[in-house]
Amino acid sequence: EAQVTQNPRYLITVTGKKLTVTCSQNMNHEYMSWYRQDPGLGLRQIYYSMNVEVTDKGDVPEGYKVSRKEKRNFPLILESPSPNQTSLYFCASSPIRSSGGPDTQYFGPGTRLTVL
Amino acid sequence: AQSVAQPEDQVNVAEGNPLTVKCTYSVSGNPYLFWYVQYPNRGLQFLLKYITGDNLVKGSYGFEAEFNKSQTSFHLKKPSALVSDSALYFCAVRDRTGNQFYFGTGTSLTVIP
């Protein structure tokens, strides 16, 4: 089954304790992305990657890191989480159009993060 | 700056009536436009997209949307609402020259039996 998986689905942590949220896709998509969803703010893009070893900042990259060492994986790293990073996080992947650029995105189930 | 506006946080409609969820956008060039739906405790699912061609786009579950370049709008419509259509709907845009997506704040649709 074609899918995007995220782990963990739920995480409660404390301020300053480094954490990683994993994301993996089995559709051989070049483009992967991370979003955070907050009430009243919708989805905001944190980082995206056009391919292996190519990453770019989205609208809200502060406090986050990503890496793209393999095509299928795109982990999100919070090196020193703070309470304002409490949110619902989504990973997504997309093929690249023949004309260039990403197309329809396929989303993972989400990771609900609480930072105390 | 690129942005998407969904002016209604909440839309209520009676079952069987037509529904409209509004979306307007601002991009520096020509847009790719998308609608996604989110059911409770689930990820987003793709509904439909406008890339080029016919301004009226048909998608999953009987939904359609009309691209209006002059009004920079991409409203989502369905002729006859179902209770199962109740969900959170997001409009998204990408400028053809960029690789970043911009989402609206979402519209919660409730279909009343």
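Everything here concerns the structure above.
Keep in mind the model is a prediction, meaning the values are calculated, not measured. (Residues numbered from 1 in each chain as written. Chains lettered and ligands numbered in written order. Predicted model: local features only at pLDDT ≥ 70, side-chain atom pairs only at ≥ 80, totals over all residues. Heavy atoms only, no water.)

Engineer: Looking at this structure, I do not really get the overall build of chain A. What am I missing?
Structural biologist: Scanning chain A from terminus to terminus reveals zero helices and 11 strands. In terms of overall size, chain A behaves like a compact globule, its C-alpha atoms giving a radius of gyration of 14 Å where 116 residues would be expected to give roughly 13 Å. With the C-alpha coordinates aligned to their principal axes, the bounding extent of chain A is approximately 45 × 25 × 25 Å. Each of the 116 residues in chain A was classed as buried or not, and the buried ones make up 51%. In chain A, the proportion of contacts linking residues at least 24 apart, taken out of those at least 6 apart, comes to 54%. About 5400 Å² of surface is accessible on chain A, with carbon and sulfur atoms providing 50% of the total. (Helix = DSSP H or I, 4+ residues; strand = E, 2+ residues; numbered from the N terminus. Rg over C-alpha atoms; globule rule 2.2 N^0.38 Å. Buried < 20%, exposed > 50% of the residue type's maximum accessible area, 1.4 Å probe, protein only. Contact = heavy atoms within 4.5 Å. Areas by Shrake-Rupley, 256 points an atom, 1.4 Å probe, with all protein chains shown as cover.)

Engineer: Mind showing me how you'd approach the interface of chain B and chain A here?
Structural biologist: Often the size quoted for an interface is simply the accessible area lost on bringing the parts together. Contact with chain B, which involves 21 residues of that partner, is made by 27 residues of chain A. A buried area of about 1800 Å², summed over both sides, lies between chain B and chain A, and 50% of it is on carbon and sulfur atoms. If you sort the residues of chain B by the area they bury against chain A, N99, Q100 and F101 of chain B come out on top, with a joint share of 30%. For D103 of chain A, the salt bridge goes to K49 of chain B, with nearest N and O atoms at 2.7 Å. Counting the contacts that link chain B with chain A gives nine residue pairs in polar contact (both at pLDDT 80 or more). (Buried area = accessible area lost by both parts, 1.4 Å probe. Salt bridge = Lys/Arg side-chain N within 4 Å of Asp/Glu carboxyl O. Polar contact = N/O pair within 3.5 Å; in protein donor to acceptor, adjacent residues only side chain to side chain.)

Engineer: Honestly, the pattern of salt bridges in this entry has me stumped. Any pointers?
Structural biologist: It is possible for side chains bearing opposite charge to pair when their charged atoms get close. Evaluation of the coordinates by the stated rule reveals eight salt bridges over all chains. A salt bridge links K58 of chain B to E64 of chain B; the nearest nitrogen and oxygen atoms lie 2.9 Å apart. A cluster of three or more residues bridged by salt bridges with shared partners is formed by R36, D38 and R44 of chain A.

Engineer: Where do I start with the state of the cysteines in this structure?
Structural biologist: Working definition: the covalent bond between the sulfur atoms of two cysteines is a disulfide. Summed over all chains, the structure comprises two disulfides over all chains. Sulfur-sulfur distance for the disulfide between C23 of chain A and C91 of chain A comes to 1.8 Å. Here C23 of chain A and C91 of chain A share a disulfide; its torsion about the S-S bond, -70 degrees, makes the bridge left-handed. Of this pair, C23 of chain A sits in strand 3 (residues 19–25) while C91 of chain A sits in strand 9 (residues 87–94); the two residues are 68 residues apart in sequence, bridging distant segments of the chain. On the basis of relative accessible area, C23 of chain A is assigned to the buried category, the value being 2%. Look at C91 of chain A and you get buried, because its relative accessible area is 0%. The side chain of C23 of chain B participates in a disulfide bridge whose partner is C91 of chain B; the two sulfur atoms lie 2.0 Å from each other. One quick way to see it: the torsion about the S-S bond of C23 of chain B and C91 of chain B is about -65 degrees, and its sign makes the bridge left-handed. Of the two residues, C23 of chain B sits in the loop between strand 3 (19–21) and strand 4 (24–26) while C91 of chain B sits in strand 10 (residues 87–95), which places them 68 residues apart along the sequence. (Disulfide = S-S within 2.5 Å.)

Engineer: Would you take a moment to explain the pairing of strand 5 (residues 31–38) of chain B for this structure?
Structural biologist: Consecutive side chains along a regular strand alternate between the two faces of the sheet. Residue and element names in this part refer to chain B. Burial runs high along strand 5: eight of the eight residues are buried. Burial of the side chains of strand 5 extends over both faces: P31, L33, W35 and V37 are buried on one face and Y32, F34, Y36 and Q38 on the other. Pairing between strand 5 and strand 10: eight bridges, direction antiparallel. Bridge pairing in strand 10 places Y36 opposite F90. Two strands pair when backbone bridges link them, and strand 5 and strand 6 (residues 44–50) are joined in this way by six bridges, in the antiparallel orientation. (Pairing = 2+ DSSP bridges.)

Engineer: Please explain the nonpolar core as it appears in this structure.
Structural biologist: Most often, soluble globular proteins have nonpolar side chains that are buried together. All names here are of chain B. In this structure, W35, L47, L48, F74, L76 and Y89 are the most contacted members of the largest nonpolar core, which totals 28 residues. Going through the elements one at a time, strand 2 (10–14), strand 3, strand 5, strand 6, strand 8 (64–68), strand 9 (73–78), strand 10 and strand 12 (107–112) are the ones with two or more residues in this core. No other element matches strand 10, which puts four residues into this core. With residues near it in sequence (within four places) discarded, L76 still touches L19, T20, V21, W35, L47, L48, F63, E64, A65 and Y89. (Core = buried A, V, L, I, M, F, W, Y, C linked by side-chain atoms within 4.5 Å.)

Engineer: Mind showing me how you'd approach the side chain of Q45 of chain A here?
Structural biologist: Among the structural elements, Q45 of chain A can be located in strand 5 (residues 42–51). In this structure the side chain of Q45 of chain A is engaged in a polar contact, spanning 2.9 Å, whose partner is the backbone nitrogen of F101 of chain B. Ignoring sequence-local partners within four residues, the contact set of Q45 of chain A consists of Y31, S33, W34, Y35, G58, D59 and V60 of chain A together with Q100 and F101 of chain B.

Engineer: Can you walk me through the sheet that holds strand 3 of chain A in this structure?
Structural biologist: Note: strands within a sheet are paired through backbone hydrogen bonds, in either parallel or antiparallel orientation. Residues and elements named next belong to chain A. Strand order in the open sheet formed by four strands is 1-3-8-7, with antiparallel pairing between adjacent strands. Whereas interior strands pair on both sides, the edge strands pair on one side only; in this sheet they are strand 1 (4–7) and strand 7 (65–66). Relative to strand 8 (residues 76–78), strand 7 is paired through two bridges, and the arrangement is antiparallel. Looking at strand 8, one finds that K65 is bridged to I77.

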